[in-house]
Amino acid sequence: MKLTLHIWRQKNASSPGKMVRYETDANEHMSFLEMLDVLNEGLIAKGEEPVAFDHDCREGICGSCGFVINGVAHGPLPSTTVCQLHMRHFKDGDELYLEPWRAAAFPVIKDLVVDRSAFDRIIAAGGYISVSTGSAVDANALPVRKKDSDMAMDAAQCIGCGACVAACPNASASLFLSAKMSHLGLLPQGQPERMERALNMVAAANEGLFGSCTNIGECEAVCPKGIRLEFIARMNRDFLKAAWTFRQERVESD
Amino acid sequence: MSAAATALTGKSAERFRFWDSPIGKKAVMAATGFILFGFVTGHMLGNLQIYLGPEKLDAYAEFLQQTKGLLWGARITLLICVALHVTAAIQLALLQKKARPQAYVKKTSAGSSYASRTMYWSGPILLAFIVFHLLHFTTGQAHPDFQHGAVYRNVVTGFQSAPASLFYIVAMLLLGAHLYHGIWSMFQSVGINHPKYTPVFKKLAALMAAVLVGGNVSIPVAVMTGLIR
Ligand code: HEM
Ligand code: FES
C-alpha cells in the first residue's frame, strides 16, 4: 500500500520544527514502527536524516513508543500502542499526520521523541512503598480482598507511555497519577504512605507543568492499557482527604 | 521533595495544599457549580409561573422582595459562588495555556463530548449573560422600558425585542451544554465515581440539562409567538 506521511521533523530541543511530507510503501503485515523503519532505510540510502522515534520492547509492554497519528495518541485502534498497531488497519492511499506528544512537561528532544522524565520525578515524589529488605514475607501472610487486588492490577497496567497527557486538551497527567496512586493505595502495603503520596505526587505534577483535569475522558479513550476515569476519582478522594486532614511535621532547620 | 516551585502558586511541594492544587480548585468549582445548579433549577421553576398569569408571577416577585433576609442571603451566596467558580476557572485556564504551549497540527477527539471540551467557552459566555440578565430584568439599565415591580410586563416587553430573546435562547443552550457535562463532572471532581452510579449521574445530567433548556427557552419563545402577551 502507498501512504503519504506528514511527519514532525525537529532537529533538537531548541530548533522550531515543522511538518515534512513523505511518500512511502508498506504492506499490511508490518507494524506501524516497521513501516517507519522502512521509510528510514530509504532516507538513509538517500543520505537524509532518518525520523527519530522512541521504541524498545515492540510488544506493547514497556511504554517507550508513542506518537500522535492523525490527531489520536497511539493511532486509531483502541487499547493499542503504536508498536502493536498494524498497517492492516490503514488503507492504500491514506494520508497520515505524525506528531510527537505535545506538552510543556514533555519537551521534544528530536522529531517524534519527547523527554518524559517529568513522569520519573512524579514517581520519585511518591510512586513507591517503603519496605524493609531482608527475607521476603510469606506471600499469603497479608490477606487482600479479591476485588481490591483486581482493581490494583488494573491500575498497575499503566506503562507510563504519556498518551493520556498527549490526548488531554489540558495536558493533564491525571490518568497516569491516578493509576500509580490507585495501584499502591488499593493494597495494604500502600497504606502507610497513602496521604503523603497523594499530596506529593499532585504537587510534583504541578511542578512538572501538567495541566488540570476537566473530566473529559480523552485520556481514557486513548490509553493503551484501559486505565479508567474511575481511578482519577480515587485520586481526587485521596488528595482532598489528605489536604484537609494531613498534619505537617515541621522540621526546624538552622 | 525537590525545591522546585509549583506552577499554580509558586509554593514548594511541602506547602502545596488544598486551594493550591488543581484538584482542590476543581472541588471548589464542583461545590459552587452544584449550588449554582440548584439556584438555576429553582429560578426556572419560579419563572414558569409566568404561565399562570401576571397576578401570580408579580405576587411571587413581591414575596421574594418582601423577605429581605432570604433575598440578600441568596444574593450574597450566589455572588460568592460565582466569584469562586470564575476565579478557579481563570486560574486553571491559565495553567492549561502553560501546559500545552504548542497546539497539534491535527487533533481529533477520541471519545469526549462536545459539551465537555467547550466548558472554557460556555462558562465565560454564561458570565456575560448573567451580567446582561441582571441589567435587563433586575436593575433595568439594559431594558427598553423598565418598571420596578412589574415583572410580568417587563418580561413581555423585554422579550419582544428579537435580539434580546435570541441572546437568551443561545445562552440557555450554552447553559444546557455546561450542565450536560458539569452535573456529572462535579461528582467525579469530589471523588465520586462508581460503575453503578456514574452512568446514572450522566443520564441525570442530560435530563436536567434538557429540562432547564426547555423550561427557560419556552418563555422568550412564548412571548415572541404571542402566546404570552
Ligand atoms: C449558572 C451558572 C453556572 C452553573 C450552574 C455552573 C455549573 C458548573 C458545574 C456543575 C461544573 C462542573 C464542576 C466540576 O466538574 O467539578 C462547572 C464547571 C465549569 N464551569 Fe461553570 N457554572 C456556571 C457558570 C460558570 C461561569 C460564569 C464560568 C466562567 C467564567 C464557568 C466556568 C466553568 C468551567 C471552565 C468549568 C470547567 C471546569 C473543569 O471542568 O475543570 N461556569 N460549572
Ligand atoms: S515499544 Fe514497548 S510499548 Fe511500544
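Thresholds, definitions, all that
- Residues numbered from 1 in each chain as written.
- Chains lettered and ligands numbered in written order.
- Predicted model: local features only at pLDDT ≥ 70, side-chain atom pairs only at ≥ 80, totals over all residues.
- Heavy atoms only, no water.
- Donors = N, O, S within 2.8 Å, 3.2 Å for Na, K, Ca; no water.
- Tetrahedral: all angles 85-135°; square planar, octahedral: opposite > 155°, others 65-115°.
- Helix = DSSP H or I, 4+ residues; strand = E, 2+ residues; numbered from the N terminus.
- Buried < 20%, exposed > 50% of the residue type's maximum accessible area, 1.4 Å probe, protein only.
- Contact = heavy atoms within 4.5 Å.
- Polar contact = N/O pair within 3.5 Å; in protein donor to acceptor, adjacent residues only side chain to side chain.
- Pairing = 2+ DSSP bridges.
- Axes fitted to C-alpha atoms, helices over the stretch in contact; angles between N-to-C directions.
- Buried area = accessible area lost by both parts, 1.4 Å probe.
- Salt bridge = Lys/Arg side-chain N within 4 Å of Asp/Glu carboxyl O.
- Nonpolar A, V, L, I, M, F, W, Y, C, P; charged D, E, K, R; others polar.
- Parallel < 35°, antiparallel > 145°, perpendicular 65-115°, else oblique.
- Left-handed = near helix turned anticlockwise from the far one by under 90°.
- Expected span 1.5 Å × (residues − 1).
- Domains from an automatic or database assignment.

Draft legend 1. Representation of the coordination of the iron atom of ligand 1 in the model. All names here are of chain B. Taken together, His85 (NE2) and His178 (NE2) make up the protein donors of the iron atom of ligand 1, found 2.1 Å from the metal. The site at the iron atom of ligand 1 holds six donor atoms, and with the angles between them running 84 to 179 degrees, its shape is octahedral. In this pair, His85 sits in helix α3 (residues 68-99) while His178 sits in helix α7 (residues 162-189), placing the two residues 93 residues apart along the sequence. The pair His85 / His178 is uniform in exposure class, with both members buried.

Draft legend 2. Representation of the environment of Arg229(B). Residues and elements named next belong to chain B. Mapping Arg229 onto the fold places it in the segment after α8 (198-224). Each C-alpha atom, one on Arg229 and one on Thr77, is 34 Å from the other, the two residues being 152 residues apart in sequence. Setting aside residues up to four positions removed in sequence, Arg229 forms contacts with Tyr152 and Val156. Here Gly226 takes part through its backbone oxygen, which lies 3.2 Å from a polar atom of the side chain of Arg229.

Draft legend 3. Seen up close, the sheet that holds strand β5 (residues 95-99) of chain A. Residue and element names in this part refer to chain A. Here five strands make up an open sheet; going across it, the order is β2-β1-β5-β3-β4 and the pairing mixed. On the outer flanks of this sheet lie β2 (18-25) and β4 (72-73), each paired with one strand and no other. Each of β1 (2-9), β2, β3 (68-69) and β5 is contacted by helix α1 (residues 32-45), which is oriented at about 80 degrees to β1, the strand it contacts most.

Draft legend 4. Inspection of the interface of chain B and chain A at higher detail. The partner chain A presents 52 residues to the 49 residues of chain B that form the contact. Between chain B and chain A the total buried area reaches about 4,200 Å² when both faces are included, carbon and sulfur atoms providing 57% of it. Run the count over chain B and chain A and you get zero salt bridges. Where chain B touches chain A, the interface holds 26 residue pairs in polar contact (both at pLDDT 80 or more). Within the residue set of the side of chain B that touches chain A, elements represented by two or more residues are α1 (22-47), α3, α4 (114-117) and α7 of chain B. When grouped by side-chain class, the residues that make up the side of chain B that touches chain A number 24 nonpolar, 17 polar and eight charged.

Draft legend 5. A look at the environment of Trp19(B). Residue and element names in this part refer to chain B. As for its placement among the helices and strands, Trp19 is situated in the segment before α1. Trp19 gets classed as partly exposed once you look at its relative accessible area, which sits at 30%. The spatial distance from the C-alpha of Trp19 to the C-alpha of Gly46 is 35 Å, given a sequence separation of 27 residues. Excluding residues that lie within four positions of it along the chain, Trp19 makes contacts with Lys25, Val28, Leu84, Thr87, Ala88 and Gln91.

Draft legend 6. Summary view of unusual backbone geometry. Residues and elements named next belong to chain A. With a phi angle near 45 degrees, Asp111 is a residue other than glycine that sits in the positive phi range. Relative to the helices and strands, Asp111 is located in the loop between β6 (108-110) and β7 (113-114). One non-glycine residue, Leu209, lies in positive phi territory at about 70 degrees. Mapped onto the secondary structure, Leu209 falls in the loop between α6 (194-207) and α7 (218-222). Note on Leu209: relative accessible area 26%, which makes it partly exposed.

Draft legend 7. Looking closely at the packing of helix α2 (residues 117-126) of chain A against helix α5 (residues 174-185) of chain A. All names here are of chain A. The N-to-C vectors of α2 and α5 enclose an angle of 30 degrees; their axes lie 11 Å apart at closest approach. As the angle between them shows, α2 and α5 are arranged roughly parallel. Crossing handedness for the pair α2 and α5: right-handed. In this structure, α2 uses Phe119, Ile122, Ile123 and Gly126 to contact α5, whose residues at the interface are Phe176, Leu177, Lys180 and Leu184. Among the residues forming the contact of α2 with α5, the class breakdown is six nonpolar, one polar and one charged.

Draft legend 8. Layout of helix α8 (residues 229-245) of chain A. Relative to the 24 Å expected for 17 residues at 1.5 Å per residue, α8(A) spans 25 Å between its end C-alpha atoms, a close match to the ideal helical length. Counting buried positions along α8(A) yields 13 of 17 residues, so the element is predominantly enclosed.

Draft legend 9. Quick peek at the domain arrangement of chain A. Residues and elements named next belong to chain A. Along its sequence, chain A is organised into domain 1 (2-109) and domain 2 (116-253). Contacts between the two partners involve 19 residues from domain 1, matched on the other side by 19 residues from domain 2. Broken down residue by residue, the surface that domain 1 buries against domain 2 is led by Trp101, Ala105 and Phe106, which jointly contribute 35%. Its salt-bridge partner being Asp54, residue Arg116 comes within 3.2 Å of it at the nearest N-O pair.

Draft legend 10. Structural context of the packing of α3(B) against helix α5 (residues 119-138) of chain B. Residue and element names in this part refer to chain B. Orientation of α3 relative to α5, taken along the N-to-C sense of each, is 150 degrees, at an axis distance of 10 Å. The angle between α3 and α5 falls in the class roughly antiparallel. Seen along the crossing, α3 lies across α5 with a hand that is left-handed. Residues Arg75, Val82, Val86, Ala89, Leu92, Ala93 and Gln96 of α3 form the contact with α5, whose participating residues are Tyr120, Leu127 and Thr138. The class makeup of the residues in the contact of α3 with α5 is seven nonpolar, two polar and one charged.

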